[in-house]
Amino acid sequence: MIKVRKRKILLLSGDGIGPEVISEVRKIIEWFNKKKSLDFQIDEDLVGGCSYDKNDTPITDEVFYKALESEVIMLGAVGGPKWDNVEFAKKPERALLKLRKELKLFANLRPAICFQQLVDASTLKPEVVSGLDIMIVRELTGGIYFGEPRGIKPIENGERKGINTHSYTSSEITRVARVAFELAKKRSNRVTSCEKSNVMEAGLLWREEVQSLRDKEYKEIELSHMLADNCAMQLLKNPKQFDVIVTDNLFGDMLSDQASMLTGSLGLLPSASLGAKNKDGEMRAMYEPIHGSAPDIAGKGIANPIATILSFAMALRYSLDLDKEAGSLEKAVQDVLNDGLRTKDILSNGTKEVSTSQMGDAIISKLQ
Ligand code: IPM
Ligand code: MG
């Protein structure tokens, strides 16, 4: 059994804009080490397409073991059109899914917060999104992403059949619901659980298990259930009705992309993927921006590093027990936005365009 090494941070920058945004986080970690006398140990390695190019696999065993012993993994992004024709088992995304599954990172926290400075960047009316603060808790190691049987197989008449299986056990549902309820206790005690219990048995089980946990252990939580398609609609119609949303792997993937656009830019939203705490209180966790590798803008120095920097703030809060530092990093981001500095994706009239690294530097200067 590989033990988690305290304060060990593994940077897996990956593909596309991943290296650019992760290098801003590296600067911030180094700043905390130097100025706040923290003792983060940084290691760095390959994952995704760049690992495939070099090692013929999207993640080597060596990197996987490094990930196992790290307290925090900071991931940039994986994938891109360059690897479109790579065989399925070696696609860049397989590395990400392997890390999630084998490190048992079952709870994926995806906050969607609309920054006041960027209300106009959303395609929705300002009054619909202003003040928005939602937390989506996505189940991350079960459901149709991992269910068996799966595959593509030949059938009669020269046809082929593609198969994936959507399944959940009670305990898989309960443990992620518990994370959502615990988060809700620190917010407004409201949780909406989403599934398709009208068409899927696994959705019905989801609804029953979430309700039963609420009735047994979380009576203070106001729990409502919503069909996932209705939730997609309600997120556009009246997103502020939601506080914490808990849902399965596939619906969480889609609803979180949708929620992200309420806030104006995919470039702002962080995420945390958390495992269970062991008896020594150790927890494995991976943090990543929810945007992808954005190959079209890679290497140009224009990517927005804020989502990744805010992901590191989540790491400070959820893994490293440094709430105060997390708050000061989040405040530094706000201050820079208040100063009118913007990367290209969120540029608007009257603001000043800065590069990826200028944005990182500006945030560090606010930390001082
Ligand atoms: C995400 C991504 C991943 C997912 C891909 C890259 C495998 O879309 O983290 O939301 O589908 O989970
Ligand atoms: Mg996604």
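Positions within a chain are numbered from 1, following the residues in the order the chain's sequence is written. Labels are handed out in written order, letters beginning with A for the chains and numbers beginning with 1 for the ligands. The predicted origin of the model limits local features to residues at a pLDDT of at least 70 and limits the giving and counting of side-chain atom pairs to 80 or more, whereas totals for whole chains, interfaces and linings rest on all residues. To obtain the side-chain values, all non-hydrogen atoms of the structure were included, while hydrogens and water were left out.

## Description of the packing of helix H11 (residues 323-338) against helix H12 (residues 356-367)
Describing two packed helices takes the angle between their axes plus the distance from one axis to the other.
In step 1: Axes here refer to lines fitted to C-alpha atoms; in helices the fit is confined to the stretch in contact. Angles between the N-to-C directions go from 0 to 180 degrees. Secondary structure is summarised from DSSP: a helix means a run of H or I of at least four residues, a strand means a run of E of at least two, and numbering begins at the N terminus for each. At a closest axis distance of 8 Å, the pairing of H11 and H12 adopts a crossing angle of 120°. As summarised for this structure, H11 and H12 are arranged oblique, according to the angle between their axes. Considering the relative orientation of H11 and H12, their crossing is right-handed. Where H11 abuts H12, its residues Ser328, Leu329, Ala332, Val333, Asp335 and Val336 lie against Met359, Ala362, Ile363, Lys366 and Leu367.
In step 2: When residues are grouped by polarity, Ala, Val, Leu, Ile, Met, Phe, Trp, Tyr, Cys and Pro land in nonpolar, Asp, Glu, Lys and Arg in charged, and all others, Gly among them, in polar. Residue classes in the contact of H11 with H12 are distributed as eight nonpolar, one polar and two charged. Note that the term roughly parallel is reserved for angles under 35 degrees, roughly antiparallel for angles over 145, roughly perpendicular for angles of 65 to 115, and oblique for everything else. Each helix crossing is assigned a hand: it is left-handed if the near helix lies turned anticlockwise from the far helix by less than a right angle, otherwise right-handed if that turn is clockwise. We call two residues in contact whenever any of their non-hydrogen atoms come within 4.5 Å of each other.

## A word on the nonpolar core
In step 1: Residue types Ala, Val, Leu, Ile, Met, Phe, Trp, Tyr and Cys, when buried and joined through side-chain atoms within 4.5 Å, form a set referred to as a nonpolar core. Any residue under 20% of the maximum accessible area for its type is buried, any over 50% is exposed, and the rest in between are partly exposed; the area is computed with a 1.4 Å probe on protein chains only. Counting residues in each nonpolar core, the largest one holds 88 residues, and the members touching the most others are Phe40, Met74, Tyr287, Phe312 and Ile363.
In step 2: With eight residues, helix H10 (residues 306-318) is the single largest residue contributor to this core.
In step 3: No fewer than three residues from each of domain 1 (1-106 + 275-368) and domain 2 (112-267) sit in this core.
In step 4: When neighbours within four sequence positions are excluded, Ile363 is seen to be in contact with Ile28, Ile306, Ile309, Leu329, Ala332, Val333 and Val336. Marked domain ranges trace back to an automatic or database domain assignment.

## Points about the layout of surface pockets
In step 1: Within this model, the largest pocket holds a volume of roughly 990 Å³.
In step 2: Forming the walls of the largest pocket are 39 residues, and the residues nearest its centre are Leu109, Leu183, Leu274, Arg317 and Tyr318.
In step 3: Going through the elements one at a time, strand E4 (107-113), strand E5 (133-139), helix H6 (170-185), strand E11 (270-274), H10 and H11 are the ones with two or more residues in the lining of the largest pocket.
In step 4: Inspection of the lining of the largest pocket shows a minimum of three residues originating in each of domain 1 (1-106 + 275-368) and domain 2 (112-267). A pocket, in this scheme, is an open set of points on a 1 Å grid over the protein atoms alone with protein on both sides within 12 Å along at least 5 of 7 lines, while a cavity is a set where a 1.4 Å probe fits but cannot get out; residues line either one if an atom lies within 4 Å of a point. Grid points are joined across faces, edges and corners, and a volume is the space filled by probe spheres set on the points.

## Let's talk about the packing of aromatic side chains
In step 1: Here a pair means two rings of Phe, Tyr or Trp (six-membered ring of Trp) with centres within 6.5 Å. Their orientation is stacked below 30 degrees between planes, edge-to-face above 60, and tilted elsewhere. Tallied over the entire structure, the rule returns seven aromatic pairs.
In step 2: Between Tyr145 and Phe146, the ring centres sit 6.5 Å apart and the planes meet at 45°, which makes this aromatic pair tilted.
In step 3: Counting as a charge over the ring demands two things of the Lys NZ or Arg CZ atom: a distance within 6 Å of the ring centre and an angle within 35 degrees of the ring normal. Note that Lys101 overlies the ring of Phe146, its terminal NZ or CZ placed 4.9 Å from the centroid.
In step 4: The lysine or arginine in question, Arg138, covers the ring of Tyr145, its NZ or CZ lying 5.2 Å from the ring centre.

## Brief notes about the site of ligand 1
In step 1: For this description, a residue counts as near a given molecule or strand if any of its non-hydrogen atoms is within 4 Å of it. The full set of residues close to ligand 1 is Glu93, Leu96, Arg100, Arg110, Arg138, Tyr145 and Asp253.
In step 2: The term polar contact refers here to a pair of N or O atoms within 3.5 Å; inside protein, the definition further demands a hydrogen-donor-capable atom paired with an acceptor-capable atom, and it admits residues adjacent in sequence only when both atoms are side-chain atoms. One nitrogen or oxygen atom from the side chain of Arg110 is found 2.8 Å from an oxygen atom belonging to ligand 1.
In step 3: In this structure, Tyr145 approaches ligand 1 through a side-chain N or O atom, which is 2.5 Å from an oxygen atom.
In step 4: If ligand 1 stood free it would expose 320 Å²; the protein chains cover 74% of that surface.
In step 5: Per element, the largest residue contribution to the shell around ligand 1 is three residues, and it comes from helix H4 (residues 92-102). Residue burial considers only the protein chains on display, and all accessible areas are found by Shrake-Rupley using a 1.4 Å probe.

## Thoughts on the pattern of salt bridges
In step 1: The salt bridge criterion pairs a side-chain nitrogen of Lys or Arg with a carboxyl oxygen of Asp or Glu, the two atoms within 4 Å. The full count for this structure, using the stated rule, is 30 salt bridges.
In step 2: The salt bridge involving Lys3 is made with Asp280; its shortest N-O contact spans 3.7 Å. Remark: Asp280 occurs in the loop between E11 and strand E12 (285-289) and Lys3 occurs in the segment before strand E1 (5-14); sequence separation between them is 277 residues.
In step 3: A salt bridge links Arg5 to Glu69; the nearest nitrogen and oxygen atoms lie 3.0 Å apart. Residue Arg5 is found in strand E1, and its partner Glu69 is found in the loop between helix H3 (61-68) and strand E3 (70-77); the two are separated by 64 residues along the sequence.
In step 4: A cluster of three or more residues bridged by salt bridges with shared partners is formed by Arg5, Lys8, Asp43, Asp45, Lys66 and Glu69.

## Thoughts on unusual backbone geometry
In step 1: Geometrically, the link from Glu148 to Pro149 is a cis peptide bond, its omega value of 0° lying close to zero.
In step 2: Even without glycine at this site, Lys104 takes up a positive phi of about 55°.
In step 3: With a phi close to 65°, Asn189 is a non-glycine residue in the positive phi region.
In step 4: By secondary structure assignment, the location of Asn189 is in the loop between H6 and strand E8 (190-195).

## A word on the domain arrangement of the protein chain
In step 1: Along its sequence, the protein chain is carved into domain 1 (1-106 + 275-368) and domain 2 (112-267).
In step 2: Here the C-alpha centroids of domain 1 and domain 2 sit 23 Å apart.
In step 3: In this complex, domain 1 contributes 21 residues to the contact, which on the side of domain 2 involves 21 residues.
In step 4: Between domain 1 and domain 2, the buried area comes to about 1800 Å², and carbon and sulfur atoms account for 63% of it.
In step 5: Linking domain 1 with domain 2 are six residue pairs in polar contact (both at pLDDT 80 or more).
In step 6: Where the side of domain 1 that touches domain 2 is concerned, the elements lending two or more residues are H4, H10 and H11.
In step 7: For the side of domain 1 that touches domain 2, a count of residues per class yields eleven nonpolar, four polar and six charged. Accessible area, probed at 1.4 Å, shrinks when two parts are joined; the buried area is that loss added up over both.

## Regarding the side chain of Ser122
In step 1: Among the structural elements, Ser122 can be located in the loop between E4 and helix H5 (126-129).
In step 2: Side-chain polar atoms of Ser122 contact the backbone oxygen of Leu262, separated by 3.1 Å.

## A few points about the side chain of Asp248
In step 1: Relative to the helices and strands, Asp248 is located in the loop between strand E10 (244-247) and helix H9 (249-262).
In step 2: Setting aside residues no more than four positions away along its own chain, Asp248 makes contact with Arg138, Glu139, His166, Tyr168, Cys194 and Trp206.

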